[in-house]
Amino acid sequence: MSYAKSLRCSKCGREYPLEPINLCDFCFSPLEVTYDYRSMSEVVSREAISSGPVTMWRYLNLLPINDKVVDLGTGFTPLIKAENLGKEIGLDNLYIKNDCLNPTYSFKDRVVSVAISKAMEFGFDTVACASTGNLSASVAAHAAKTGLKAYVFVPANLEQGKMVSTAIYNPTLIAVDGTYDDVSRLCTQMVGRFKWGFININLRPYYAEGSKTLGYEVAEQLGWRAPDCAVAPAASGLLFTRIWKGLNELAMLGLIGPVNTHMYLTQAAGCSPIVNAFNAGSLHVHPVKPNTIARSIAIGNPSDGQYALRIARESGGGACAAFDEEIIEAMKLLSQTEGIFAETAGGVVIAGLKRLVDSGAIKRDELTVAFITGSGLKTQEAVAEVVSPITIQPTLSSFIENCADSVEGY
Ligand SMILES: *Cc1c(COP(=O)(O)O)cnc(C)c1O
Ligand SMILES: [Zn+2]
């Protein structure tokens, strides 16, 4: 049984029943799931969680669903001590949360696991989403597993790896001639017309809660404590807000001490509306037109931008943007120091982290977690230039002729 109590408007506080709705009727602000934490705290303990499945479902009691309906084995991904990368950029206590290692290779499996389970509770037979490429793959995979029909809408200029890793699950794949913001607007218009569960629109309050598990896992994997600093990517800003919510819920439930985490948000310079607002000291996030290789986080008009912005400020954190060249360099750096091939969004995080350390915002001894949210196999175009093999004939003499210079002791 779920401890979710209601949906509450994040601006005016009006409450709504737990239905497939995402905006307040009065002020059009996003709705957020509330819980009965008192009852929840009676069943939730470190021991109960630790003895649960080695997936995100160890936190089922903290999520807004009655039961897991679809389980592809998402979550409880490795938290790696990144000593080599730390040495390279000047941190003694750096960890990488490697969410490439989810069933469809991105953190989106967390949000989709919750939203699809909720869609089935609500009785939808069709799900849909507006996606920058990772959500589409995850929705298609979960729909395949559950037998739901899926309509996934993506910008037509998506990377080939994102297209293939979505299409393979055989959803109805619709390529829209426009940006993600156009796709999102189109899907919002469709919500009233079709009786579908739109994973990141009318099911958005539930979808959002899946991201809390990233916060839970990191705290548990650090030995039940919050990090000093967290560095995460922001597209709509929702993930960023839910890492924070996850950490604070654990503190509220008495599972960890007070949360003093500085929350740092990163975006690509070619699409950085939230970072712009942070730097301008503004409360409002002004939309931009995206132009960056980090397409999975290229949302020009981020729906949860102002909430992410507030958390970056109030946690004593910050916001930082990285240029495309820095993103590519950071993808190589992460691969070549830690053996983790992240997608462009991961490059944004590592490039941002480097800037934050260089500027003195993050200090050498602070326990810092960088969230790597998707796999580089889906955005190979960005770093295709690394491929320059030495081509030889299948003979020893050809190897010696072409490679002897680099063979030590020859
Ligand atoms: C979707 C996505 C994000 C961030 O999503 P939000 O809209 O900010 O919640 C980050 N990284 C990757 C790889 C994504 O696909
Ligand atoms: Zn409201």
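Note: the structure precedes this text.
This structure is a prediction, so every number in the text was calculated from the model and none was measured.

A.B. asks: Please give an account of the overall build of the protein chain that cites residues and values.
C.D. replies: Helices and strands together make up the secondary structure of the protein chain, namely 15 helices and 13 strands. For a compact globule of 410 residues, the expected C-alpha radius of gyration is about 22 Å, and the protein chain comes in at 21 Å, within 12% of that figure. Each of the 410 residues in the protein chain was classed as buried or not, and the buried ones make up 57%. For the protein chain, the share of sequence-separated contacts (at least 6 apart) that also reach a separation of at least 24 residues comes to 69%. For the protein chain, the computed accessible surface area is about 17200 Å², with 51% contributed by carbon and sulfur atoms. Where the 35 positive side-chain charges of the protein chain centre and where its 41 negative ones centre are 7 Å apart.

A.B. asks: So what about the layout of surface pockets? Which residues, and what values?
C.D. replies: By volume, the largest pocket is sized at about 980 Å³. Contributing to the lining of the largest pocket are 31 residues, with Asn22, Leu23, Phe28, Pro30 and Ser303 lying nearest its centre. Where the lining of the largest pocket is concerned, the elements lending two or more residues are helix H7 (180-191) and helix H12 (305-314). Ranked by residue count, the leading element in the lining of the largest pocket is H7, at 6 residues. The class makeup of the residues in the lining of the largest pocket is 14 nonpolar, 12 polar and 5 charged. Roughly 420 Å³ of volume is contained in the second largest pocket. In terms of lining, the second largest pocket is formed by 21 residues, of which the most central are Glu32, Thr241, Arg242, Tyr307 and Ile311. Where the lining of the second largest pocket is concerned, the elements lending two or more residues are strand E3 (31-35), helix H8 (204-210), helix H10 (238-252) and H12. By residue number, the principal contributor to the lining of the second largest pocket is H10, which donates 8 residues. In the lining of the second largest pocket, the residues fall into 9 nonpolar, 4 polar and 8 charged.

A.B. asks: Would you mind going over helix H5 (residues 134-146) in detail, with residue names and values included?
C.D. replies: Residues three or four positions apart in an α-helix share a direction because the helix packs 3.6 residues into each turn. Between its first and last C-alpha, H5 extends 19 Å over 13 residues, near the 18 Å set by a 1.5 Å rise per residue. Counting buried residues along H5, 10 of its 13 residues qualify, which places the element largely inside the surrounding structure. Every buried residue of H5 is listed here: Asn134, Leu135, Ser136, Ala137, Ser138, Val139, Ala140, Ala141, His142 and Ala143. Just downstream of H5, Gly147 is the residue with a positive phi angle, here 80 degrees.

A.B. asks: Outline the side chain of Lys108, supporting the account with residue identities and numerical values.
C.D. replies: As for its placement among the helices and strands, Lys108 is situated in helix H4 (residues 108-122). Glu343 is the oppositely charged side chain nearest to the buried, salt-bridge-free Lys108, at an N-O distance of 7.6 Å. Not counting residues within four places of it along the chain, the set of residues in contact with Lys108 comprises Asn134, Leu135, Ser138 and Tyr207.

A.B. asks: Talk me through the pairing of strand E5 (residues 94-98); I want residue IDs and the actual numbers.
C.D. replies: Along E5, 5 of the 5 residues are buried, which leaves the element largely enclosed by surrounding structure. Because side chains alternate across E5, one face comprises the buried residues Leu94, Ile96 and Asn98, and the other comprises Tyr95 and Lys97, equally buried. Both strand E4 (residues 79-81) and E5 contribute to a ladder of 3 bridges, which runs antiparallel. Bridge pairing in E5 links Lys81 to Tyr95. Bridging between E5 and strand E13 (residues 368-372) involves 5 bridges; their strand directions are parallel. Directly across from Tyr95, in E13, lies its bridge partner Val369.

Conventions used here
- Residues numbered from 1 in each chain as written.
- Chains lettered and ligands numbered in written order.
- Predicted model: local features only at pLDDT ≥ 70, side-chain atom pairs only at ≥ 80, totals over all residues.
- Heavy atoms only, no water.
- Helix = DSSP H or I, 4+ residues; strand = E, 2+ residues; numbered from the N terminus.
- Rg over C-alpha atoms; globule rule 2.2 N^0.38 Å.
- Buried < 20%, exposed > 50% of the residue type's maximum accessible area, 1.4 Å probe, protein only.
- Contact = heavy atoms within 4.5 Å.
- Areas by Shrake-Rupley, 256 points an atom, 1.4 Å probe, with all protein chains shown as cover.
- Lys, Arg positive; Asp, Glu negative; His and termini not counted.
- Charge placed at Lys NZ, Arg CZ, Asp CG, Glu CD.
- 1 Å grid on protein atoms, 1.4 Å probe; cavity = no way out; pocket = protein on both sides within 12 Å on 5 of 7 lines; lining within 4 Å.
- Points joined across faces, edges and corners; volume = space filled by probe spheres on them.
- Nonpolar A, V, L, I, M, F, W, Y, C, P; charged D, E, K, R; others polar.
- Expected span 1.5 Å × (residues − 1).
- Salt bridge = Lys/Arg side-chain N within 4 Å of Asp/Glu carboxyl O.
- Pairing = 2+ DSSP bridges.

Geometric values such as these leave the question of function open.
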